[in-house]
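# Understanding the architecture of this molecule
These are the residues of each chain, in order.
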Amino acid sequence: MKRWGAKLAIVCLSVLALTALDSQKSSAKVEGDCEVCHAIYPGMMDEPAPRKDPRYALKNAVCVNCHSFAGNETVKILGGVRVPVVFNTDLPVSPLAGGNFYHVSRVFGDRKGHNVEGISAADQGFGGAPPGYERTKDPSMVGFNSTKPLACSGSNGCHGNRDIEDPFRAVLGTHHAEDLPLDGSTTAKSFRYLRITEKEKGILGLEDADWGRNESSVKHNEYTSSMNALCANCHGDFHGPARTGIVSPWFRHPTDVVLPKTGEYAAYNPASPPSPERPGIRIYNPDAPVGRAEVPGAVSDAVKPGEDIVLCLSCHRAHGSPYAASLRWDYDSIFTGGNGKGGCLICHTGKGGR
Amino acid sequence: MTAGIIMNISSPRFERRRRIAVFLSLLGISAFFLGLLIIPSPVDARVQGRCKDCHSMHSSKEGSAETYGGLSGPFPVLTEGGCLGCHGQNPSGGQNIVPVGLARAPQVIHNQKNGDLAAGNFYYVADAFTGDHSKGHNVMGISRQENPPMDTPPGFVGSVLIPGGTGPTRWPENKQLSCAGTWGCHGNRTIEDPYKAMAGAHHADDSVIDGMTVGTSYRYLLGVKGREHQNWEYLATIDDHNGYKGDPTHSSMDTISYLCGQCHVKFHASRELGGGGSVGTVYTGLWTRHPSDISFSTVHGGYAGSEYERYITYSLEAPVAYVNPTGNEKSVGAESILMCLSCHRAHGSPHADILRWDYASMVVGAGVPKTGCLTCHTKKGDHF
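About the cut-offs
Residues numbered from 1 in each chain as written. Chains lettered and ligands numbered in written order. Predicted model: local features only at pLDDT ≥ 70, side-chain atom pairs only at ≥ 80, totals over all residues. Heavy atoms only, no water. Helix = DSSP H or I, 4+ residues; strand = E, 2+ residues; numbered from the N terminus. Buried < 20%, exposed > 50% of the residue type's maximum accessible area, 1.4 Å probe, protein only. Contact = heavy atoms within 4.5 Å. Areas by Shrake-Rupley, 256 points an atom, 1.4 Å probe, with all protein chains shown as cover. Buried area = accessible area lost by both parts, 1.4 Å probe. Salt bridge = Lys/Arg side-chain N within 4 Å of Asp/Glu carboxyl O. Polar contact = N/O pair within 3.5 Å; in protein donor to acceptor, adjacent residues only side chain to side chain. Nonpolar A, V, L, I, M, F, W, Y, C, P; charged D, E, K, R; others polar. Pairing = 2+ DSSP bridges. Phe/Tyr/Trp six-rings, centres within 6.5 Å; stacked < 30°, edge-to-face > 60°. pLDDT = per-residue confidence, 0-100. Core = buried A, V, L, I, M, F, W, Y, C linked by side-chain atoms within 4.5 Å.

Let us look at the overall build of chain B. Assigned secondary structure in chain B consists of seven helices and 13 strands. Per-residue burial for chain B yields a buried fraction of 47% across its 384 residues. Counting contacts in chain B only where the partners sit at least 6 residues apart, residues at least 24 apart contribute 45% of the total. Carbon and sulfur atoms make up 60% of the accessible area of chain B, which amounts to about 19300 Å² in all.

Below you can see the structure in the form of C-alpha cells.
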C-alpha cells in the first residue's frame, strides 16, 4: 500500500508541475488531485499485488461513476477540475450537447437514449443490436457484440478506440494524455475522445469549453462530417447511399449531405432571420445544428445552406433526451401544415405554418 | 325593491323590449352565417398533422424495417409504404377515407360497400381480388402489367405536349403504369420518378387550384384545374361534387380530359394531341371516335331540339365539366362539357373499360332512361 501511495504521489506532483508550466493552454487534459478521481469511491481500486500497479475494481462503472451527479447540475467539480455530467439523478437543468442519460435511466423508456451499461438495461425491443447495424460498415476489428451491453467506449461503445473490446482499455490514459491539437491522431486528440479505430482518424470538431451547456447560436460545439461516420459505425443502414438513397427521393432521412441552398432549406431557422447585411447566411440554431465541411477556426453563428452539412446530431442527442428516439425535440408534437415551428421545421421550413 | 324590476309581460314596454331582443338575436345569427360565407373555409388538401403519421425517418420500427403488404422498406420519400402505404392502407378493409393524424387519406383501394370515391376503386382491378384487368388501370403494386397490346395505353402517341414539357417519345413494352410521373397520371409527368414527380405536393398550399404546380393542381394532376370535393365525392350530391374543368375550344391543357389525352392521345380531339383526325371534329362530319371535351352547344345539328337538351340536372353517374367549375353546379345546359370522366372512372370500376356503368346492359329503346349512356343520349332511351 505504501508503494502504491508513493507512486500516486509522484504522478500527482508531476501533473501539478506540468500544470504550473502550462496553465494557459486550453486543454481538456485532466489535472489535479489523483485521489479525487481515483479513490473517491470505496472499493474503487483493488489492493495491488506486490510490484504491480493498482487496478480498478469496477472498470465498467468508472466512466459512469465519474461523469454522474446526484442532483441536477451538469458540470460538477472534482478536486478543482470541472467534469461534464452525462447522467444526473434529477432532471438536468442545463443538459450538455450530448444530452443526458437521465431520460433513459429509469422508467421513462428505452427510446430516450442509448442504453449504456451501468445506467439502464439493454433495450428489449432491439434485442441488444443497434438499429441498422451493418457489420461491413463497422470499421472496428472487433465489431459490435449484441450479446454484450452497450458501453461508453470500446467496440460496443462510442468513445475511445473501437478496435478494443474492453471499454476501460479503449480510453486508457486518454484523460491524462496531451489532447491538442484536436487532429484525430489519437484518442485524446479526437473530439470528445471519439477515436473510432486505430486506422481511422478520430472525430474532428471544435469542443465547446462547457460541453454545450447553455449553448446558443454563438456558443456551441462545431461538428464535422466525421461525426456522422461515427454514428454509422453502429447505425450503418441509416448512412450512405445503399439504403438511404443517393439523391431525392430519399428512402431514409439523409445525413452527411449538404443542406440544400434551394427550396425550403434556404430559409433554415426562420425564427431567427439574419440581418440584411449577411446575404446567404442563416443563423445557427442549436436545436438543429449543422456540421461544417472543414473544422472552422472559431465557433460561428452563421449557417450557409449549400455548404453546411446535415448531421445525425441535427436531430438526435448522443446520450439521451426527454424525447423518443433520443431526438432533440418531441416528434409527436411536430405538425406540418399548421402553425408549427421548431424541430423538423427548422430545416423543413416550407412544411410549417402558412 | 324586487317589485320595482318586475315587469308586466303584457305591457307595451315589455313587448318593445322583446321585439328588440328578437331582432338582435336574428341579427347575430345572420352575421354568424354571413361570416361563414365570407371567411374562406380551410378545405384544402394540404396535409396537416404529425410528420410521424406519414413518414418513418429511418424505416425502422423496433429495429426492423417498415413493411407494406409483402414489401419491406425503406420506401421512397421516407413514407410508410409509398403511395399505397398511405392511400391503400387496407385493401380488403371497409374504409374509404382513413384518418391519418389530423389529415384524412382517401383510399384508392378498399372494400367499403357503396364507398367508391370519385375515381372509383382499384379493388376491381387488383390481382389480390378480382384481377379483372379490364376494370381499371393496371397500376404497379396493385395489378400486374397487362399483356400486349394492352401493356401500353390504348391510343398512345409519343412526344405530345404536356404541362411542363413533352410526353415520352414512346411507351416501352416493359414499362408499367405507376401512380405518378412520366408513366402515371399524378404529379409532373415530365419527371420519370413517381416520387420526384410529386415532390412537395402534399405540403403545398393548395387553397387556390390554379394548375401552376403539382401541389396546386386538381388532385395533384399537374396543370389540371377544377374544384375538389372535400370528401372525394363520397356521399356527394348533385350540387356538391367535384368540379371538372373542360374546354371545348381545345386551346388549353388544363382540362381533365386533356390529362387523359396525354396517354390516350387518339381519343382526344385537341390539336396539341393531334387526335382531331382520329376522333373527328364536330363541324365537319361524323365522329369516328366518341368525342370528349366538347360542349353540348357544339353538337352537330345544334343543341336546340337535340337529345342533349333533355339532360337537365347534374348527374353523378354521368357528370359533365364546365369552363369554370365550382362543384356546385346543379344544372346541365348547352355549355356543359362532355368529358372522358363522363363515362369512365379514373382508377377502377365494377364494369369493363372502367366505365361508370355496364355497357352491355345499355339498350337503346329499352333501357332505363337517365342512366348510363342514356343520361346524355336521352332520345335513345325513349321507349318506342
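Picking up where we left off.
Between chain A and chain B, the residue contacts involve 26 residues of the former and 26 residues of the latter. A buried area of about 2400 Å², summed over both sides, lies between chain A and chain B, and 56% of it is on carbon and sulfur atoms. Run the count over chain A and chain B and you get three salt bridges. The shortest N-O distance in the salt bridge between Arg50 of chain B and Asp332 of chain A comes to 3.7 Å. Across the chain A-chain B interface, the total number found is ten residue pairs in polar contact (both at pLDDT 80 or more). Looking at side-chain class alone, the side of chain A that touches chain B contains ten nonpolar, ten polar and six charged residues. Pairing between strand β13 (residues 335-336) of chain A and strand β1 (residues 49-50) of chain B: two bridges, direction antiparallel. Opposite Thr336 of chain A, over in β1 of chain B, you have Gly49 of chain B as the bridge partner.

Looking now at the pattern of salt bridges. According to the stated counting rule, one finds 25 salt bridges over all chains in the structure shown. Here Asp138 of chain A makes a salt bridge to Arg162 of chain A, at a shortest N to O gap of 2.7 Å. One end of the pair, Asp138 of chain A, is in the loop between α4 (102-105) and β5 (160-161); the other, Arg162 of chain A, is in the loop between β5 and α5 (167-170), and 24 residues separate them in sequence. For Arg162 of chain A, a relative accessible area of 0% translates into the label buried. Among the salt bridges present, the one from Lys380 of chain B reaches Glu307 of chain B, with a minimum N-O distance of 2.5 Å. Linking Lys380 of chain B in the segment after β13 (337-338) with Glu307 of chain B in the loop between β12 (294-295) and β13, this pair joins segments that are 73 residues apart in sequence. The partly exposed category is assigned to Lys380 of chain B, whose relative accessible area is 36%. Since its relative accessible area comes to 7%, Glu307 of chain B is described here as buried. One salt-bridge network, in which partners are shared between bridges, spans Arg82, Asp208, Asp210 and Lys219 of chain A.

The next thing to look at is the packing of aromatic side chains. Residues and elements named next belong to chain A. Counted according to the given criterion, the structure contains ten aromatic pairs over all chains. An angle of 65 degrees between the planes, with centres 5.7 Å apart, marks the rings of Phe191 and Tyr223 as edge-to-face. Pair noted here: Phe191 is in the loop between α5 and β6 (194-196) and Tyr223 is in strand β8 (residues 222-224), with a separation of 32 residues, a long-range link. Given a relative accessible area of 5%, Tyr223 falls into the buried group.

To continue, consider the environment of Val218 of chain A. Structurally, the position occupied by Val218 of chain A is in the loop between β7 (205-206) and β8. C-alpha separation for the pair Val218 of chain A and Thr255 of chain A, spaced 37 residues apart in sequence, amounts to 23 Å.

Now for the pairing of strand β2 (residues 75-78) of chain A. In this sheet, strand β3 (residues 81-84) of chain A lies alongside β2 of chain A in antiparallel orientation, the contact comprising four bridges. Directly across from Lys76 of chain A, in β3 of chain A, lies its bridge partner Val83 of chain A.

Turning next to helix α6 (residues 225-234) of chain A. All names here are of chain A. Among the ten residues of α6, seven are classified as buried, and the element is accordingly described as predominantly covered. All buried positions along α6 are accounted for by Ser226, Met227, Asn228, Leu230, Ala232, Asn233 and Cys234. Against β6, β8 and β12 (309-310) lie the buried residues of α6.

Of all residues in chain A, 89% attain a pLDDT of 70 or more, and the chain-wide mean is 88. Counting contacts from residues 8-25 of chain A, a segment whose pLDDT is below 50, to residues more than four positions away or on other chains yields nine contacts.

Attention now goes to the nonpolar core. In terms of nonpolar packing, the biggest core is built from 27 residues, with Phe191, Ile203, Tyr223, Met227 and Tyr268 of chain A touching the most fellow members. Contributing elements (two or more residues each) for this core: β6 and α6 of chain A. Not counting residues within four places of it along the chain, the set of residues in contact with Ile203 of chain A comprises Ser190, Phe191, Leu194, Ile196, Ser226, Met227 and Leu230 of chain A. In this structure, Val224, Ile294, Tyr303 and Val332 of chain B belong to the second largest nonpolar core, which totals 23 residues.

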